[in-house]
Amino acid sequence: SNNKSDSRGALIVLEGLDRCGKTSQCSRLLSYLEELGHSVESWRFPDRSTGVGQMISSYLTQKSQLDDHAIHLLFSANRWEKRSLMESKLRSNTTLIVDRYSFSGVAFSSAKGLDLDWCKAPEAGLLAPDLVVYLDISPEKAAERGGYGGERYEQLEFQKKVALSYQMLRDDTWKVIDATLPVEDVEKQLRQTVLECIQICEKGKPISELW
Ligand code: NYM
């Protein structure tokens, strides 16, 4: 329907390997949408500000060790604890730009050898993104950008496995952008698809759930 009360914000997710440029594209996109007068917020997962997020952060910075399944479930719990806020933001017409989501959860854990379906299961029932943008870069090129921060997972051999996992998850609803293009070109493509997505959500596209 075109009822104005059905209008809602869009759930936009950016995914990609470490060093693909997601974080800077998220902040550029945020400023752009704000300048256009949209109600928009920039989120990221893991959200390290919560109790669960602090456990995740300590794991990523190698201050603690956790079983692969246990950390997987913590990443998922970190999304679940934000689900209701996420839904109310969308329903009150705020668009969310999210740096990593369930696809990161599945890609990174399955790259360790965990079963793909087992990895997907705890994500079922979270809000489905209206748009997933994959910033595409080869693991080798990403590594050349340097500045791997020394966190767990930031190693070429592991990123190669993550890239393969992302390939399995990717479907034709994802927008793939060549992340090796100049920043402004990536930004331009991103703006275009995001604006289209926001318009569809404004017209009352129903909220749906994973998977
Ligand atoms: N990561 C991120 C996961 O392993 N599972 C998840 O569910 C999410 C959201 O955490 N290397 C990994 C991917 C990153 C790391 O993310 C931290 P960032 O964007 O560097 O803060």
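Conventions used here
Residues numbered from 1 in each chain as written. Predicted model: local features only at pLDDT ≥ 70, side-chain atom pairs only at ≥ 80, totals over all residues. UniProt positions renumbered as here; feature names shortened; annotations may be inferred. Helix = DSSP H or I, 4+ residues; strand = E, 2+ residues; numbered from the N terminus. Near = placed C-beta within 6 Å. Core = buried A, V, L, I, M, F, W, Y, C linked by C-beta atoms within 7 Å. Buried ≥ 20, exposed ≤ 12 C-beta atoms within 10 Å, placed from the backbone. Contact = placed C-beta atoms within 7 Å. Pairing = 2+ DSSP bridges. Axes fitted to C-alpha atoms, helices over the stretch in contact; angles between N-to-C directions.

**A word on the UniProt feature "domain: Thymidylate kinase-like" (unreviewed entry) in the protein chain**
What UniProt calls "domain: Thymidylate kinase-like" (unreviewed entry) maps, in this numbering, to residues 14-189. The span residues 14-189 is 49% helix and 12% strand, and its two end C-alpha atoms sit 13 Å from each other.

**Details of the site of the ligand**
The environment of the ligand is formed by Asp18, Phe45, Pro46, Leu60, Phe75, Asp99, Arg100, Ser104, Gly105, Phe108 and Tyr153. Residue contributions to the shell around the ligand peak at three residues, all from helix α5 (residues 102-110).

**Concerning unusual backbone geometry**
Following phenylalanine 45, the chain continues into proline 46 via a peptide bond in cis, with omega recorded as 0°. By secondary structure assignment, the location of proline 46 is in the loop between β2 (40-44) and α2 (51-60). With an omega dihedral of 10°, the bond running from leucine 210 to tryptophan 211 counts as a cis peptide bond. Positionally, tryptophan 211 belongs in the segment after α9 (183-202).

**As for the nonpolar core**
Counting residues in each nonpolar core, the largest one holds 42 residues, and the members touching the most others are Ile12, Val98, Val133 and Leu135. Among the elements that line this core, the one with the most residues is α9, at six residues. Residues in contact with valine 133, not counting those within four places in the same chain, are Leu14, Lys175, Ile177, Leu190 and Thr193.

**Here's the deal with the sheet that holds strand β4 (residues 131-136)**
Here five strands make up an open sheet; going across it, the order is β2-β3-β1-β4-β5 and the pairing parallel. At either end of the open sheet lies a strand with only one pairing partner, and these are β2 and β5 (175-178). Averaged over all pairs of adjacent strands, the angle between strand axes in this sheet comes to 20°, irrespective of strand direction. On the sheet, helix α1 (residues 22-35) packs against β1 (11-15), β2, β3 (95-99) and β4 and is oriented at approximately 165° with respect to β3.

**Focus on the pairing of β1**
Where burial is concerned, most of β1 is hidden: five out of the five residues are buried. Residues Leu11, Val13 and Glu15 line one face of β1 and the alternating positions Ile12 and Leu14 line the opposite face, and both faces are buried. Direction of pairing for β1 relative to β3: parallel, over a ladder of four bridges. Across the sheet, residue valine 13 finds its bridge partner in β3, namely valine 98. Relative to β4, β1 runs parallel, the two sharing four bridges. Bridge pairing in β4 places isoleucine 12 opposite leucine 131.

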